[in-house]
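# Architecture at a glance
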Amino acid sequence: AQSVTQPDIHITVSEGASLELRCNYSYGATPYLFWYVQSPGQGLQLLLKYFSGDTLVQGIKGFEAEFKRSQSSFNLRKPSVHWSDAAEYFCAVGARMDSSYKLIFGSGTRLLVRP
Amino acid sequence: GAGVSQTPSNKVTEKGKYVELRCDPISGHTALYWYRQSLGQGPEFLIYFQGTGAADDSGLPNDRFFAVRPEGSVSTLKIQRTERGDSAVYLCASSLTGGGSNRYEQYFGPGTRLTVT
């Protein structure tokens, strides 16, 4: 069965520091992969997506992610974190089976930003 | 343009009561999804509509949960005989159809926080 693991429940970084959030997936073929961000009281906002092609994908707000098939990973990165990036981040995989287009989410990583 | 909207934003109900949660998708999006997010967890899929019909309802936890989309736009998630374990944020999302990858690019509403006392 498809699954997503986000091993870090919380991560704290200083403002201006670089960031990497980890995501590992379980899927038999080339997956569709996503990162979403959720601010308090807000819905999920799509940061970036990977369907095929270039394994380094650029998203909004200066985020990027790299698909590594050999490691079954899709880690999210940002070179310099801003205080407004503090939020919960979710990695998801598209469940490509039968007639379903559901997303399977990890349990999330909460990002805290130190001033 | 307008995003996905959900009403109410918050709903408090007593155990055993019936509730309805509404979702208004992005105009032109024919695919609609419901997810449930429990505290400290990622969203979990409930049901997917293509047009008026439920194409995948495998995530509905039991027969107390039901959803409709009678005109292929607005959808209502209905929960009968609510239980305290139903307390969660219920998220709605919509997407375009056509090419396979489009349906996975889902746009989420702000959610309805349901509290069952």
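Residue indices follow the written sequence of each chain, beginning from 1 at its first position. Labels are handed out in written order, letters beginning with A for the chains and numbers beginning with 1 for the ligands. Selection of residues for local features in this predicted model requires a pLDDT of at least 70, selection of side-chain atom pairs for listing and counting requires 80 or more, and totals for whole chains, interfaces and linings are taken over all residues. Remark: hydrogens and water are excluded; side-chain values derive from all non-hydrogen atoms of the structure.

Turning to the packing of aromatic side chains, a few remarks are in order. Residues and elements named next belong to chain A. Between 30 and 60 degrees the pair is tilted, below 30 it is stacked and above 60 it is edge-to-face, where a pair is any two Phe, Tyr or Trp rings, Trp via its six-membered ring, whose centres lie within 6.5 Å. The full count for this structure, using the stated rule, is 18 aromatic pairs over all chains. On the numbers, 5.8 Å between centres and 55° between planes, the contact of Tyr36 with Phe105 is tilted. Taken together, the positions of Tyr36 in strand E5 (residues 33-38) and Phe105 in strand E11 (residues 103-105) put the pair 69 residues apart, joining distant regions of the chain. Note on accessibility: Tyr36 and Phe105 belong to one class, buried. Note on conventions: DSSP H or I runs of at least 4 residues are helices, E runs of at least 2 residues are strands, and numbering of each starts at the N terminus. Accessibility here uses a 1.4 Å probe with only protein chains present; expressed as a share of the type maximum, an area under 20% marks a residue as buried, one over 50% as exposed, and anything in between as partly exposed.

This part takes up the environment of Leu76 of chain A. All names here are of chain A. Relative to the elements of secondary structure, Leu76 occurs in strand E9 (residues 73-78). According to the relative accessible area criterion, Leu76 is buried, its value standing at 0%. Separated by 56 residues in the primary sequence, Leu76 and Glu20 have C-alpha atoms spaced 5.5 Å apart. Any two residues whose heavy atoms approach within 4.5 Å are treated as being in contact. In this view, Leu76 contacts Leu19, Glu20, Leu21, Trp35, Leu47, Leu48, Phe63, Glu64, Ala65 and Tyr89; residues no more than four positions away in its chain are not counted.

The next point concerns the nonpolar core. Take the buried residues of types Ala, Val, Leu, Ile, Met, Phe, Trp, Tyr and Cys, join any two whose side-chain atoms come within 4.5 Å, and each joined set is a nonpolar core. In this structure, Leu19, Trp35, Leu47, Leu48, Phe74, Leu76 and Tyr89 of chain A are the most contacted members of the largest nonpolar core, which totals 26 residues. Once residues within four sequence positions are removed from consideration, Leu19 of chain A is found in contact with Ile11, Val13, Phe63, Leu76, Arg77, Lys78, Val81 and Leu111 of chain A.

Turning to the sheet that holds strand E7 (residues 65-68) of chain B, a few remarks are in order. Residues and elements named next belong to chain B. Judged by pairing direction, the sheet is antiparallel, and its four strands sit side by side in the order E1-E3-E8-E7 without closing on themselves. Each edge of the open sheet carries a strand with a single partner, namely strand E1 (5-7) and E7. Between one strand axis and the next, the sheet turns through 15° on average, direction left out of account. Pairing of E7 with strand E8 (residues 75-79), which is carried by four bridges, proceeds in the antiparallel orientation. Each residue of the ladder has a partner; that of Phe66, found in E8, is Lys78. Whether two strands pair comes down to DSSP finding at least two bridges between them. Angles shown run from 0 to 180 degrees and are taken between the N-to-C directions of axes, each axis being a line fitted to C-alpha atoms and, for helices, limited to the stretch in contact.

With that settled, the discussion passes to the interface of chain B and chain A. Listed by partner, the interface residues are 22 residues for chain B and 22 residues for chain A. With both chains or domains summed, chain B and chain A bury close to 1,800 Å², and 60% of this area falls on carbon and sulfur atoms. The quantity reported as buried area is the accessible area (1.4 Å probe) lost by two parts once they are put together, taken as the sum for both. On the chain B side of the contact with chain A, Tyr104, Glu105 and Phe108 of chain B bury the most area, a combined 35% of that side's loss. Salt bridges are counted wherever a side-chain nitrogen of Lys or Arg sits within 4 Å of a carboxyl oxygen of Asp or Glu. On the surface where chain B and chain A come into contact, there are one salt bridge. Here Glu105 of chain B makes a salt bridge to Lys49 of chain A, at a shortest N to O gap of 3.4 Å. In protein, a polar contact requires one atom able to donate a hydrogen and another able to accept it; more generally it is a pair of N or O atoms within 3.5 Å, and residues adjacent in sequence count only if both atoms are side-chain atoms. The interface formed by chain B and chain A includes five residue pairs in polar contact (both at pLDDT 80 or more). Of all the elements in the fold, those that place two or more residues in the side of chain B that touches chain A are strand E4 (31-37), strand E5 (44-50) and strand E6 (53-56) of chain B. In terms of residue count, the dominant contributor to the side of chain B that touches chain A is E4 of chain B (three residues).

Right, let's talk about the pairing of strand E6 (residues 44-50) of chain A for a bit. All names here are of chain A. Within E6, five of the seven residues are buried, leaving the element largely enclosed by the surrounding structure. The pairing of E5 with E6 spans six bridges and is classified as antiparallel. Bridge pairing in E6 places Leu33 opposite Tyr50.

This part covers the pairing of strand E10 (residues 87-94) of chain A. Residues and elements named next belong to chain A. By the criterion of burial, E10 is predominantly enclosed, with eight of the eight residues buried. In this structure, E5 lies alongside E10, joined through six bridges in antiparallel fashion. For Gln38, the partnering residue across the bridge sits in E10 and is Glu88. Taken together, the three bridges between E10 and strand E12 (residues 109-114) define a ladder with antiparallel strand orientation. The partner of Tyr89 across the bridge, within E12, is Thr109.

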